[in-house]
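What follows is the residue order along each chain.
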Amino acid sequence: MEDEKLNGVAGALSADAVAGAVYAAVRHCATHLRPDVLAAMQAARADETQARALSVLDCLLENAHIGQADGVPICQDTGTCWVRLEIGEELSVPGNILSRVNDAVARAYTDGRLRMSVLADALLDRTNTGDNTPAFAEVAFRPGRGATLHVLLKGGGSDNASRVVMLAPGAGWEGVRQVVLDCVHEKAANACPPLIVGVGVGATFDKVAGLAKHALLREVGSPAASPQAAAREAELLAAVNATGIGPAALGGNATALAVHLETAPCHIAALPVAVNMGCSAMRSASIDLVSWETGLPVANPTANLAYTAVEKGENR
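Predicted model, so just to flag it, every value in this text is computed and none were measured. (Residues numbered from 1 in each chain as written. Predicted model: local features only at pLDDT ≥ 70, side-chain atom pairs only at ≥ 80, totals over all residues. Heavy atoms only, no water.)

Turning our eyes to something else, we now look at the state of the cysteines. One pass over the structure, following the stated rule, counts zero disulfides. Of all cysteine sulfurs, the one in Cys29 lies closest to Cys81, which takes part in no disulfide; the gap is 8.3 Å. What makes Cys81 buried here is its relative accessible area of 1%. (Disulfide = S-S within 2.5 Å. Buried < 20%, exposed > 50% of the residue type's maximum accessible area, 1.4 Å probe, protein only.)

Structure representation (structure tokens):
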């Protein structure tokens, strides 16, 4: 793999630093299941009681091991590349900060021999661009210092299983809950479960989907933003898994490994809800680009991930 190093220094960030991190993250994410998702899948395997579901989870765990060990994609759909750069407002950033992202994505997909899945125009020109660009990139600002780069490789099956619904405000929590469960009942089988279900509630029609997708980045098992949100997540996860859809939609206890909820303010006349499903091949990396203590990058997106083998046919 090409040796790409981040060039970020304390107080400033360059387009080259961002491009180097994008390149490394794409190459890594394509072949490595996210470690928190891997651990959650292993835990689900240990708790599973149905033979068919056990077999599916064994296959998924073996697939993750092969992908990491052999450096091959863990899914044939290597996805679209979503890049989100979150920048501390005290950091100096040039106006061209995302200018090299497409080049980095093109090189990463070409060098990694990953499937090219992006079309020139959804309606008017459905020819393949040949290098999986453009990336779907955005910049967000936050208080304080530092910069975090999120890279998510999102397959078509899981994105196709997602939705946005504009509820009447009187629908309340029960309305939100029903939107999520309806989406799972109708679409989960096509999204390659066990899933990470991102749920966004609030903001506006165009922003609520971003909340749901951003929710997928949160580490499985990490606390929600508030105790109230955590309680809602637990309720939704129990309801989703009670459907019995199970791994690969062949029945079982683990339809989802987690449900993550993000909420935001909204208009008094609205209750926007979005569901964005993350498939069993959950591929993302979040990288701290600048360490303010040393001036050096503090995250290695190509670090080795632990894998604990599970013997086939053994429930433990």
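Moving on: the sheet that holds strand E8 (residues 256–266). Taken in spatial order, the four strands make up an open sheet running E6-E9-E7-E8, and their pairing is mixed. The outermost strands of the open sheet, each flanked by one partner alone, are strand E6 (163–167) and E8. Here the average twist between neighbouring strands, direction ignored, is 15°. Here strand E7 (residues 195–203) runs beside E8; their pairing, made up of eight bridges, is parallel. In the strand pairing of E8, Ala203 is matched with Cys266. Seen against the sheet, helix H7 (residues 205–215) touches E6, E7, E8 and strand E9 (271–278) and runs at an angle of roughly 145° to E7. (Pairing = 2+ DSSP bridges. Helix = DSSP H or I, 4+ residues; strand = E, 2+ residues; numbered from the N terminus. Axes fitted to C-alpha atoms, helices over the stretch in contact; angles between N-to-C directions. Contact = heavy atoms within 4.5 Å.)

Glancing now at the side chain of Glu233. In this fold, Glu233 is placed in helix H8 (residues 227–241). Of the polar contacts made by the side chain of Glu233, one reaches the backbone nitrogen of Leu261; its length is 2.8 Å. Setting aside its immediate chain neighbours within four residues, Glu233 contacts Arg218, Ala224, Val259, His260 and Leu261. (Polar contact = N/O pair within 3.5 Å; in protein donor to acceptor, adjacent residues only side chain to side chain.)

A few words now on the layout of surface pockets. When its volume is computed, the largest pocket comes out at roughly 450 Å³. Lining the largest pocket are 21 residues, and of these Thr80, Ser117, Val118, Phe136 and Asp159 sit closest to its centre. Elements supplying a minimum of two residues to the lining of the largest pocket: strand E1 (80–88), strand E2 (119–121), strand E4 (136–142), helix H5 (156–160) and H7. By residue class, the composition of the lining of the largest pocket is six nonpolar, seven polar and eight charged. (1 Å grid on protein atoms, 1.4 Å probe; cavity = no way out; pocket = protein on both sides within 12 Å on 5 of 7 lines; lining within 4 Å. Points joined across faces, edges and corners; volume = space filled by probe spheres on them. Nonpolar A, V, L, I, M, F, W, Y, C, P; charged D, E, K, R; others polar.)

So, on to the pattern of salt bridges. Considering all chains together, one arrives at 15 salt bridges under this definition. Among the ionic pairs, Asp58 bridges to Arg45, the shortest N-O distance being 2.8 Å. Residue Asp58 is located in helix H3 (residues 51–70), and its partner Arg45 is located in helix H2 (residues 35–47); the two are separated by 13 residues in the primary sequence. In this structure, Asp58 and Arg45 share a single accessibility class: buried. A salt bridge links Arg145 to Glu90, with the shortest nitrogen-to-oxygen separation between them at 3.3 Å. Here Glu90 lies in the loop between E1 and helix H4 (101–111) and Arg145 lies in the loop between E4 and strand E5 (147–154), a separation of 55 residues in the sequence. We classify Glu90 as partly exposed; its relative accessible area is 48%. (Salt bridge = Lys/Arg side-chain N within 4 Å of Asp/Glu carboxyl O.)

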